[in-house]
Amino acid sequence: MSKIVIRSIDEWRRFRAALTGSLGFVPTLGGLHEGHAALIQRAAAENDLAVVSLFLNPTQFDDPGDLASYPASLEDDLAYAEAQGASAVLAPDREAIYADGFRFQVEESPLSRELCGAHRPGHFSGVLTVVLKLLNLVKPDRAYFGEKDYQQLELIRGMAEAFFIDSQIVACPTVRDADGLALSSRNARLDAAGRALAPRLREALACPGSDGQVAEALSRLGFDVDYVATRFGRRLAAASIGNGQGRVRLIDNIPLAQICAASDANGDNPS
Ligand code: PAF
C-alpha cells in the first residue's frame, strides 16, 4: 500500500501546499505495468518526490465496453506504485474530477481528429481535459508520458505550450516485452492466439515499403487495421485483434530511422 493515498481534492490541495522540493508526476488510468514502472522510477530519480495519479478517466473512453473491461485494481496499483518509488498517490473519484459534469472541455483541432482521433471520437478531448485538470491540481515540475501514445504526447506537449503550463512534459521511451510487444494494460485482455499475433504489429512497422503496404500486411496477418501513418518522424499504427468476446485495440509507433535499420539489416518486406 502506498505511503500516502489521497482521495479528495481538498486534501490533495493541502498536501501540495505543504510540499517543498521538486515534484515529478505520472498520470495513469491504473492497470499499472512495467511501462508505468519506468515512468515512476524516472520521476522518482529526477525529482525530490514522485506522485502517481490513478484515475480511470471515463471521458476518454468512446466505447463503454472498453471502459468496463479496463483491467485496473486500486489495491494492486497502490502497492505497485509505492514499490516503484511513488511517495504519494492521488486517486480521486469521478465526481471530484468532473464536478462540472464535463461541461468545460479542452478542444483541439486538427490533430485530435486524425489518426486515433478519427477512430475514437471525443477521445482526445477527454484526455486533454483530464490532463489539464491534473496538471493544474498537481502542479508538477515535471510530468512523465510514454512515447507509445505518441499522438497523445504531441497533443499534451502542444496544450502545455498553448496554455502556458509551467510543468515540463517529459517523453519516455516505450517499454516492450522481450518479443517486441509494447506494454499496455490492454495486453491483459489478449487471448493466447492474440498474444502470439500481437508482436507482429511492431515487426510490421519496422518493415520497409509504404504505410499502405504495411497496413495490407497487417490485415493479411489477421489484424483489423485502423491506420498506418507516417507523422512526427515516426511510423504509427492502430489495429485490433479479436479475443473471442470482442476486440483488443493496440497502438504502437517507431522512429523512421528504425525502419531503415530493419531494411538494411534484413531486407525485410511487409508482403
Ligand atoms: O495515457 C494514459 O494513461 C491516459 O491517457 C492519461 C494520460 C493518464 C490521461 O487519462
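Residues numbered from 1 in each chain as written. Predicted model: local features only at pLDDT ≥ 70, side-chain atom pairs only at ≥ 80, totals over all residues. Heavy atoms only, no water.

Our next topic: the pairing of strand E6 (residues 168-172). Direction of pairing for strand E5 (residues 142-146) relative to E6: parallel, over a ladder of 5 bridges. Each bridged residue has a counterpart across the sheet, and for Arg-142 the counterpart in E6 is Gln-168. Considered for its hand, the β-α-β crossover made up of E5, helix H8 (residues 150-162) and E6 is right-handed. (Pairing = 2+ DSSP bridges. Helix = DSSP H or I, 4+ residues; strand = E, 2+ residues; numbered from the N terminus. Right-handed = clockwise from strand over helix to strand, strands pointing away.)

In the predicted model, the chain carries a mean pLDDT of 94, and 95% of its residues have values of at least 70. Mean pLDDT values for the elements of the chain range from 65 in helix H12 (residues 256-266) up to 99 in E5. For the stretch residues 262-269, pLDDT sits under 50, and the model shows 9 contacts to residues farther than four places along the chain or on other chains. (pLDDT = per-residue confidence, 0-100. Contact = heavy atoms within 4.5 Å.)

Quick look at the packing of aromatic side chains now. Counted under the stated rule, the structure contains 5 aromatic pairs. When the centroid spacing of 5.7 Å and the interplanar angle of 80 degrees are considered together, the rings of Phe-61 and Tyr-70 count as edge-to-face. Side by side, Phe-61 and Tyr-70 carry an identical accessibility label, which is buried. Feature note: the residues Phe-55, Tyr-98 and Phe-102 constitute an aromatic cluster, connected by ring pairs. (Phe/Tyr/Trp six-rings, centres within 6.5 Å; stacked < 30°, edge-to-face > 60°. Buried < 20%, exposed > 50% of the residue type's maximum accessible area, 1.4 Å probe, protein only.)

Moving on: the pairing of strand E2 (residues 23-28). Burial runs high along E2: 6 of the 6 residues are buried. By the alternation rule, side chains of E2 split into Leu-23, Phe-25 and Pro-27 and Gly-24, Val-26 and Thr-28, which are all buried. As paired strands, E2 and strand E3 (residues 49-54) are joined by 6 bridges and run parallel to one another. When the sheet's bridge partners are listed, Gly-24 is paired in E3 with Ala-50. Remark: the E2/helix H2 (residues 34-46)/E3 crossover connection has right-handed handedness. Where E2 lies against E5, 2 bridges are found, and the strand directions are parallel.

Strands sit in the order E1-E4-E3-E2-E5-E6 across an open sheet of 6 strands; the sheet is parallel. With partners counted over all chains shown, the strands left at the sheet margins are strand E1 (4-6) and E6, one partner each. Taking each pair of neighbouring strands and ignoring which way they run, the sheet shows an average axis angle of 25 degrees. This element, helix H1 (residues 9-17), spans E1, E2, E3 and strand E4 (88-90) of the sheet and lies at about 135 degrees to E1. H2 rests against E2, E3, E5 and E6 of the sheet, and its axis sits at about 160 degrees to E5. (Axes fitted to C-alpha atoms, helices over the stretch in contact; angles between N-to-C directions.)

Position of Asn-47 relative to the elements: it lies in the loop between H2 and E3. At a separation of 2.5 Å, a polar atom in the side chain of Asn-47 contacts the side chain of Arg-142. Not counting the four nearest positions on each side in its chain, Asn-47 is found in contact with Ser-22, Leu-23, Gly-24, Asp-141, Arg-142 and Tyr-144. (Polar contact = N/O pair within 3.5 Å; in protein donor to acceptor, adjacent residues only side chain to side chain.)

Attention shifts here to the environment of Leu-190. Locating Leu-190 in the fold gives a position in the loop between E6 and helix H9 (192-197). By relative accessible area, Leu-190 is classed as buried at 11%. With 114 residues separating them along the chain, Leu-190 and Asp-76 place their C-alpha atoms 20 Å apart. Once you skip the residues sitting within four places of it in the chain, Leu-190 turns out to touch Leu-181, Arg-195, Ala-198, Ile-241 and Val-248.

Let's shift gears to the site of the ligand. Near the ligand you find Pro-27, Thr-28, Leu-29, Gln-60, Val-130, Val-131, Phe-145 and Gln-152, and these make up its full shell. Side-chain polar atom of Gln-60 to an oxygen atom of the ligand: 2.6 Å apart, as the coordinates give it. In the model, an oxygen atom of the ligand is placed 2.7 Å from a nitrogen or oxygen of the Gln-152 side chain. Compared with its free state, where it exposes 290 Å², the ligand has 89% of that area covered by protein. The set of elements that each furnish at least two residues to the shell around the ligand consists of E2 and helix H7 (123-138). A per-class count over the shell around the ligand returns 5 nonpolar, 3 polar and no charged. (Near = heavy atom within 4 Å. Areas by Shrake-Rupley, 256 points an atom, 1.4 Å probe, with all protein chains shown as cover. Nonpolar A, V, L, I, M, F, W, Y, C, P; charged D, E, K, R; others polar.)

A few words on helix H4 (residues 74-83). Three- or four-residue spacings in an α-helix give side chains the same orientation, since the helix completes a turn every 3.6 residues. Asp-77, Leu-78 and Ala-81 are the residues of H4 that are buried. Buried positions in H4, seen along its axis, are confined to an arc of 100 degrees and lie on one side of it. Away from the buried face of H4 by more than 90 degrees, exposed residues Asp-76 and Ala-83 are located. The secondary structure elements touched by the buried residues of H4 are E1, H2, E3 and E4. (Arc of directions from axis to C-beta.)

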